[in-house]
Amino acid sequence: FSPEQLRALRDEFQRFLLEYQFGLREVETKLGILRDEFQLTHDYNPIEHISARVKTADSLIDKVSRKGIDPTFESIRAHITDVAGVRVTTSFAKDAYRLFDLLTQQDDIRVREVKDYIATPKANGYKSLHAIIEVPVFLSTGRVDVAVEVQFRTIAMDFWASLEHKIYYKYDRAVPGELLAELKDAADSAALLDARMERLHLQVHGPRSGSVRAV
Ligand code: 0O2
């Protein structure tokens, strides 16, 4: 590579990642608006926490090679759907579904894929509602539709997932059997806690409280 070619490649990579940064900003703004409006209208805040990140270059490169994906920007755009990720933590599972509905029903959002690991948890106990959405971003060069993975989960599901994630990487994806069983057991306890807290919340605030999903 000549220095000019290297600079062009660097600029192209920076621009590629920047588009995902812009996509995240759009989704974060949408969620922030929903939170503020929900608080005002229902005197209730369904969102405990929102975090957002663009995958680091290292983690993106790892995933590209692990999945055997063509190392081109087009192919990464098509096959890696979590370059931009937003995590929405709620108090209750009903709020996770409600926020999912409110975000994905917006008419500038296209839903590429939904994985409902709350309704159907993974074998290890992982629970979360995932949506791969596309959000339009308007640049000086025109419109680009940016893929963003949004994960909706309760505080208890999030607590479990963050510990499991650390254990998974500590053991380099080969977690010993007895730890896997402990983790599954902990996921069941987290699910019981979720159900119990939601029942308590309903007792105190009634079925017409802000957290109840519109039917
Ligand atoms: P990180 O480090 O959080 O970014 P794919 O995204 O194609 O590799 P898949 O299975 O098609 O994988 O997508 P899926 O199931 O929607 O998983 C995508 C993301 O969900 C993961 O991203 C995790 O963030 C989370 N996730 C999925 N399964 C688990 C699990 O069993 N435990 C935990 N803790 N998180 C999970 P990454 O890139 O794997 O990880």
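Residues numbered from 1 in each chain as written. Predicted model: local features only at pLDDT ≥ 70, side-chain atom pairs only at ≥ 80, totals over all residues.

The protein is annotated in an unreviewed UniProt entry as GTP pyrophosphokinase family protein of Microbacterium memoriense.

Here we come to the site of the ligand. The local shell around the ligand consists of Asp82, Lys115, Lys122, Asn124, Tyr126, His130, Ala161, Glu164 and His165. For the shell around the ligand, a count of residues per class yields two nonpolar, three polar and four charged. (Near = placed C-beta within 6 Å. Nonpolar A, V, L, I, M, F, W, Y, C, P; charged D, E, K, R; others polar.)

Quick look at the sheet that holds strand S3 (residues 110–116) now. What the five strands build is an open sheet, ordered S1-S2-S5-S4-S3; its pairing is mixed. The open sheet has two edge strands, strand S1 (47–54) and S3, and neither has a second partner. The sheet shows a mean angle of 25 degrees between the axes of neighbouring strands, direction not considered. Of the pairings in the sheet, the one linking S3 to strand S4 (residues 129–139) comprises six bridges and is antiparallel in character. Pairing of Lys115 across the sheet is with His130, part of S4. Packed onto the sheet, helix H1 (residues 3–42) meets S1, strand S2 (84–90), S4 and strand S5 (142–154) and runs at close to 170 degrees relative to S1. (Pairing = 2+ DSSP bridges. Helix = DSSP H or I, 4+ residues; strand = E, 2+ residues; numbered from the N terminus. Axes fitted to C-alpha atoms, helices over the stretch in contact; angles between N-to-C directions. Contact = placed C-beta atoms within 7 Å.)

Okay, the UniProt feature "domain: RelA/SpoT" (unreviewed entry) in the protein next. UniProt annotation of "domain: RelA/SpoT" (unreviewed entry) refers to residues 52–175 when read in the numbering used here. Split by type, residues 52–175 is 36% helix and 33% strand. Its first and last C-alpha atoms lie 27 Å apart. (UniProt positions renumbered as here; feature names shortened; annotations may be inferred.)

Here S4 pairs with S5 via eleven bridges, running antiparallel. From the neighbouring strand, Leu129 faces S5, where its bridge partner is Phe152. The antiparallel pairing of S4 with S5 creates a hairpin that spans two residues between the two strands.

Moving on, we get to helix H5 (residues 155–170). One turn of the α-helix equals 3.6 residues, which is why residues spaced by three or four share an orientation. Between its first and last C-alpha, H5 extends 23 Å over 16 residues, near the 22 Å set by a 1.5 Å rise per residue. Of the residues making up H5, those classed as buried are Ala156, Met157, Asp158, Trp160, Ala161 and Glu164. Phi turns positive one or two residues past the end of H5, at Asp172, with a value near 50 degrees. (Expected span 1.5 Å × (residues − 1). Buried ≥ 20, exposed ≤ 12 C-beta atoms within 10 Å, placed from the backbone.)

Position of Asp101 among the secondary structure elements: in helix H4 (residues 93–104). The exposed category is assigned to Asp101, around which 11 C-beta atoms lie within 10 Å.

Our next topic: helix H2 (residues 57–66). Judged by how many residues are buried, H2 sits mostly at the surface: zero of ten residues are covered. Positive backbone phi, approximately 65 degrees, marks Gly68, located one or two places after H2.

Bringing the environment of Val135 into the picture now. Of note, Val135 is situated in strand S4. Under the C-beta neighbour-count criterion, Val135 is labelled buried, with 24 such atoms within 10 Å. Measuring from C-alpha to C-alpha, the distance between Val135 and Thr72 comes to 22 Å, with 63 residues separating the pair along the chain.

To continue, consider the nonpolar core. In this structure, Ala84, Ala96, Leu99, Phe100, Val148, Val150 and Phe152 are the most contacted members of the largest nonpolar core, which totals 24 residues. If you look at the next biggest cluster of nonpolar residues, it comprises six residues, including Ala156, Trp160, Ala187 and Ala190. (Core = buried A, V, L, I, M, F, W, Y, C linked by C-beta atoms within 7 Å.)

What follows covers the packing of H5 against helix H6 (residues 177–205). Their axes nearest at 9 Å, the elements H5 and H6 cross at an angle of 165 degrees. One way to sum up the angle between H5 and H6 is to call them roughly antiparallel. Two packed elements cross with a definite hand, and for H5 against H6 that hand is right-handed. From H5, Ala156, Met157, Phe159, Trp160, Glu164 and Ile167 reach across to H6, where they touch Leu179, Leu183, Ala186, Ala187, Ala190, Leu193 and Asp194. Classifying every residue of the contact of H5 with H6 by side-chain character gives eleven nonpolar, no polar and two charged. (Parallel < 35°, antiparallel > 145°, perpendicular 65-115°, else oblique. Left-handed = near helix turned anticlockwise from the far one by under 90°.)

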